Amino acid sequence: MREPLLIAKDLCRTWSTQGRRVEALRHVSVSVEAGETLGLVGPSGCGKSTLARVLTRLVPPDAGTIRFRDADWLSLSGHRLRAERRFMQMVFQDPVGAFNPRATVSGAIADPLRVHELAGSKDQLLRVGELLERVGLSPDLASRPIRDLSGGQRQRVALARAIACQPQLLILDEAVSALDLAVRRTILELLVDLQRETGMAMIFIAHDLAAVKAVSHRIAVMEAGEIVETGPAETLVAAPQSVTARALVAAVPRLPSV
């Protein structure tokens with residue numbers, strides 16, 4: 001039997017801030033199957049973003065193991081790591097800070113195509129147009145500066161840049177939390193459609209349980225650096241077991257499933 005696309009076990013990460021130690025991750029274990037969406041919820045400061053950064057190797061764990069695509073993810077380095085990074089992409093909360101403020105839309109999306117040699121110079125503009133259309137934007141935006149776009153447009157460009165690499169796992173860290181409800185709904189529908197089309201797996205991180213439930217197959221609940229509950233999305237929301245999950249369910253505004 002093939003192992004899950006991603007398996008992380010016993011991840012630990014401690015931060016030192018203002019003279020005190022904060023255990024952001026305490027023996028956290030998660031797994032994601034190919035084509036599955038794992039929702040990750042919890043209150044602010046519970047360790048969700050730290051987990052995302054450890055999984056993507058933006059910060060190293062103090063302890064624990066990660067296997068991705070049947071390989072020891074933490075042992076990769078150099079050319080092998082650069083090559084494998086295309087298969088795990090991340091979309092951040094802040095669509096402004098995610099880009100060079102002087103970048104154009106086409107420049108931002110074409111960067112991964114160039115870095116990973118996924119399209120020649122003559123084909124990049126065509127590919128950029130295709131990616132813009134896939135995320136519901138007009139190819140006419142390609143020449144526009146990123147700074148001239150709305151927040152929803154910038155987040156779609158960030159998504160287009162991430163899927164340009166044809167990732168097998170997309171991690172979204174509060175990627176819709178800064179958007180208004182109508183745009184958020186549109187992005188959630190887009191994510192579900194993209195998963196159906198490409199078969200990519202996702203880790204969808206948010207404090208908003210309604211948004212997480214709308215796109216997730218399973219949900220993991222974090223509190224104080226630990227996973228306190230995991231289960232199928234429908235089951236967890238209908239009958240939460242942990243104090244944290246019950247509090248999140250109680251705070252859910254009613255958002256229909258996508």
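Scroll up a little and you will see the structure.
The structure displayed is predicted, hence computed values, not measured ones.

Definitions and cut-offs
Residues numbered from 1 in each chain as written. Predicted model: local features only at pLDDT ≥ 70, side-chain atom pairs only at ≥ 80, totals over all residues. Heavy atoms only, no water. Salt bridge = Lys/Arg side-chain N within 4 Å of Asp/Glu carboxyl O. Helix = DSSP H or I, 4+ residues; strand = E, 2+ residues; numbered from the N terminus. Pairing = 2+ DSSP bridges. Contact = heavy atoms within 4.5 Å. Axes fitted to C-alpha atoms, helices over the stretch in contact; angles between N-to-C directions. Buried < 20%, exposed > 50% of the residue type's maximum accessible area, 1.4 Å probe, protein only.

Chemist: Can you break down the pattern of salt bridges residue by residue, with the values?
Modeler: Pairs may arise between side chains of opposite charge once their charged atoms sit close together. Enumeration over the complete set of coordinates arrives at 13 salt bridges. The partner of Glu84 in a salt bridge is Arg69, and the shortest N-O contact between them spans 2.8 Å. Here Arg69 lies in the loop between β4 (63-68) and β5 (71-72) and Glu84 lies in helix α2 (residues 78-85), a separation of 15 residues in the sequence. Here the residues in one salt-bridge network are Glu23, Arg26 and Glu226, joined through shared partners.

Chemist: Any chance you could break down the sheet that holds strand β1 (residues 6-17) for me, citing the residues and the numbers?
Modeler: Here four strands make up an open sheet; going across it, the order is β2-β1-β4-β5 and the pairing antiparallel. This sheet does not close on itself; its edge strands, each paired only once, are β2 (20-32) and β5. Strand contacts of helix α1 (residues 48-55): β1, β2 and β4, with the helix running at about 120° to β1, the strand carrying the most contacts.

Chemist: Describe the pairing of strand β3 (residues 37-41), naming the residues involved and giving the relevant values.
Modeler: In terms of burial, β3 is a largely internal element, five of the five residues being buried. The pairing of β3 with strand β8 (residues 201-206) spans five bridges and is classified as parallel. Note on β8: the bridge partner recorded for Leu38 is Ile203. Two strands pair when backbone bridges link them, and β3 and strand β9 (residues 218-223) are joined in this way by four bridges, in the parallel orientation.

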